[in-house]
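Single-letter residue listing:
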Amino acid sequence: MEFLRPFRHGTELNQNELWKLARHPLDVADAVRDVYAARGHEAIEKVPGEVERLKWVGLYPQRQGGDAFMMRVKVPGGVLGADQVVRLGEIVDEYARGPEPHPVWGDRYCDITTRQTLQLHWLTIGDVPEIWRRLDEVGLTTIQACGDSARNVTCCPVAGVDADEAFDASPVAAAVSAYFTGNREYANLPRKFKISVTGCVDDCARAEINDIGLWPARLADGTLGFNLLVGGGLSDGARMASDVDVFVARDEAVECTRAIAQLFGELGNRENRGVSRMRYLVQELGPDGFRDELAARAAFALRPAGETLTRRHRGDHVGVHRQRASHDGEVRHYVGCSVTVGRMSGADLAEVGRLATRHGDGTVRLTTDQNLVITGVRARDLDDLLASDVLTRHSPYPGPFARGTVACTGTEFCRFAIVETKLRAAAWARELDERFAGALGGAAGADLPDAAVRMHFSGCSASCAQPQVADVAFRGDTAHVGDGIVEAVDIGLGGSLGLDAGFAQWVAGAVPVADVPDALVRLVTRYAGERRPGEPLHGFVRRADPASLAATLAGAASAGGGATP
């Protein structure tokens, strides 16, 4: 069966579905190599639906139009070998070059994403086949990094080395990714399909906001595996994933995700893309109904869920951490480096790969917080690594705001964004760190949980930066100021995942971006003065009256007070 046909009889397929049925989206790879690389971007635009199909090979036209493309490289579980990191850095340095340098980042940089992938910008379609060839040489692909199919499978970035994990889930994440990548039968789903697989107890892979979340669990007999969550997601209609009371053994994970993909492909909405994500199907069926449909398709008998082992959601793995005991008895560490807003130069990326070979085990991991981790660092090499030039720019010891700041690409590249994001988010974090780090417990905010204050900035309502799960959420908007329209943001407060999961509440709308720094200063000043010992920002704002928080952001005289004792 090449396509999963919709079982919703009597409905009219949307235009995207008609394009996908006219020609399989994965066939666009050959067209890029054989036709478009030679004839240019104009040839793409002449083929109905071809711009949409490009997503299946990891390509998007940039906001600038013409021959300017973004490429997303798939990195299952965020795990990269040092040779792959060096190769990626070299490709960025050679090909990701804009018409003029960015005033802060120059013109040879890349972005780490919230799904542990890497994005390159300013690529021409003529260079794509050569870039693919170079990626293939080191075992990397862009296939299904985008499109209506299984996206990059996320996992704990320190799986296999974390001394505190329930178990190493990275082989499972890799197997799930391998099953779906290039699998034509499951490459035409109603919408993007996001999977999280983790054995980490810190929920760093964010199971609750994925279409499928497999997070660590234990049966009464001690068997370790996963409890299954389904139907999470953000954007418009944000929804926490539902627990459907299913325990999944590690050797059942691939079949479980396959069966859910079949369920989604057959029953998902292919008429209206506005409600085509799997969370709407879960909402429609209900947890019990979804479980019944899964049982009818899975090749194993469903068992009731076990004890969930996740403890919290603040584990970004930044800093220097001792790894689990090694077989040779030598002490090793992993070093989590803060890459503020996920952006770094190709030269720095390549150097990170070399450092991983020189001082570590030859592995670099990308994180869902847009950071990176170097693993297997011997104790005797730790000081040399920490003294490297790259780590002065991407420090393991950032301030609490830089550490927790995430941003999408914004209007710099995205056709849907309303406001610029990365430059502003980085500047706001830097200003807050300079002003408040000491007031929050020292240079790294030492008495905060994991020393991080999460600020997530999305340039539109699509939630690529996952703002709804941040302490402070920003969503692009516009505002009328005088006779003009200026860039603005909606501000939300109080998001988190883990045991106290909840979405941020939008408390201020259309705040002009010029007013945001002062609003943040007022908010953090109040937080520093009123918080309980060790209380994260999301905990503090949940105690406060939303009207008083809005007043604080606006600078109203009645801003103080309003938090429960």
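A quick note: this is a predicted structure, and the numbers were derived from the prediction, not measured.

J.: Where do I start with the pattern of salt bridges in this structure?
T.: Where side chains of opposite charge bring their charged atoms close, a pairing between them can arise. As enumerated under the stated definition, the model contains 44 salt bridges in all. Notably, a salt bridge pairs Arg133 with Glu130, separated by 2.7 Å at the nearest N-O pair. With Arg133 and Glu130 both in helix 6 (residues 128-137), this residue pair falls three residues apart, about one helical turn. Among the residues examined, Arg133 registers a relative accessible area of 41% and is labelled partly exposed.

J.: Is there a simple way to think about the layout of surface pockets in this case?
T.: Here the idea is plain: a probe the size of a water molecule rolls over the atoms and shows the empty space left. Within this model, the second largest pocket holds a volume of roughly 490 Å³. It is helix 14 (residues 422-436) that provides the largest number of residues to the lining of the second largest pocket, a total of five residues. Partitioning the lining of the second largest pocket into residue classes produces 10 nonpolar, seven polar and five charged.

J.: I'm lost on empty space enclosed by the protein in this one. Help?
T.: The tally for this structure, following the rule as stated, stands at one cavity of 30 Å³ or more. Estimates place the volume of the largest cavity at around 30 Å³. Every residue lining the largest cavity is listed: Trp428, Glu431, Leu432, Pro517 and Val521. Those elements that place two or more of their residues in the lining of the largest cavity are helix 14 and helix 15 (516-530). Broken down by element, the lining of the largest cavity gets its largest block of residues, three residues, from helix 14. Residues that form the lining of the largest cavity fall into these classes: four nonpolar, no polar and one charged.

J.: What should I look at first to understand the packing of aromatic side chains in this one?
T.: Between two aromatic rings, the relevant description is the distance of the centres plus the angle of the planes. Per the stated rule, a full pass over the model turns up 12 aromatic pairs. With 5.5 Å between their ring centres and 10° between their planes, Trp428 and Phe457 make a pair best called stacked. You can see Trp428 sitting in helix 14 and its partner Phe457 sitting in strand 17 (residues 455-458), a full 29 residues away along the chain. These aromatic residues form a ring-pair network of at least three members: Tyr179, Phe180, Tyr186, Phe193 and Phe264. Here the guanidinium or amino end of Arg343 rests over the ring plane of Trp105, the centre of that ring lying 4.7 Å away. The ring of Trp506 has Arg475 lying over it, and the distance from NZ or CZ to the ring centre is 3.9 Å.

J.: Would you explain the sheet that holds strand 1 (residues 59-61) in this entry?
T.: Whenever strands of a sheet pair, they do so through backbone hydrogen bonds, lying parallel or antiparallel. Read from one edge to the other, the open sheet built from five strands follows the order 1-2-5-4-13, with strand pairing classed as antiparallel. Every interior strand has two partners, whereas the edge strands, strand 1 and strand 13 (343-345), have only one. Mean inter-strand twist for the sheet, computed between neighbouring axes without regard to direction, equals 30°. Alignment of strand 4 (residues 109-112) against strand 13, held across three bridges, turns out to be antiparallel.

J.: Got a minute to help me understand the sheet that holds strand 19 (residues 484-493) in this structure?
T.: Read across the sheet, five strands follow the order 16-17-18-19-20 without closing on themselves; strand pairing throughout is mixed. Of all the strands in the sheet, the pair left with one neighbour each is strand 16 (405-407) and strand 20 (505-512). With direction set aside, neighbouring strand axes in the sheet form an average angle of 25°. With five bridges joining them, strand 19 and strand 20 adopt antiparallel strand pairing. Bridge pairing links Leu493 to Gln505 in strand 20. Against the sheet, helix 14 makes contact with strand 16, strand 17, strand 18 (472-481) and strand 19, and its axis sits at roughly 160° relative to strand 17, the strand it touches most. Set on the sheet, helix 17 (residues 546-554) makes contact with strand 19 and strand 20; between it and strand 20 the angle comes to about 25°.

J.: I would appreciate a short explanation of the packing of helix 7 (residues 170-180) against helix 8 (residues 253-267) in the present structure.
T.: Between two packed helices, both the angle of their axes relative to each other and the distance between the axes serve to describe the pair. Look at helix 7 against helix 8: their axes get within 9 Å of each other, and the N-to-C directions meet at 40°. With respect to helix 8, the element helix 7 is oriented oblique. Relative to helix 8, helix 7 is oriented so that their crossing is right-handed. Judged by residue contacts, Val172, Ala175, Val176, Tyr179 and Phe180 of helix 7 engage Ala253, Val254, Thr257, Arg258 and Ala261 from helix 8.

What counts, and at which threshold
Residues numbered from 1 in each chain as written. Predicted model: local features only at pLDDT ≥ 70, side-chain atom pairs only at ≥ 80, totals over all residues. Heavy atoms only, no water. Salt bridge = Lys/Arg side-chain N within 4 Å of Asp/Glu carboxyl O. Helix = DSSP H or I, 4+ residues; strand = E, 2+ residues; numbered from the N terminus. Buried < 20%, exposed > 50% of the residue type's maximum accessible area, 1.4 Å probe, protein only. 1 Å grid on protein atoms, 1.4 Å probe; cavity = no way out; pocket = protein on both sides within 12 Å on 5 of 7 lines; lining within 4 Å. Points joined across faces, edges and corners; volume = space filled by probe spheres on them. Nonpolar A, V, L, I, M, F, W, Y, C, P; charged D, E, K, R; others polar. Phe/Tyr/Trp six-rings, centres within 6.5 Å; stacked < 30°, edge-to-face > 60°. Lys NZ or Arg CZ within 6 Å of the ring centre and 35° of its normal. Pairing = 2+ DSSP bridges. Axes fitted to C-alpha atoms, helices over the stretch in contact; angles between N-to-C directions. Contact = heavy atoms within 4.5 Å. Parallel < 35°, antiparallel > 145°, perpendicular 65-115°, else oblique. Left-handed = near helix turned anticlockwise from the far one by under 90°.

Purely geometric numbers; function is a separate question.
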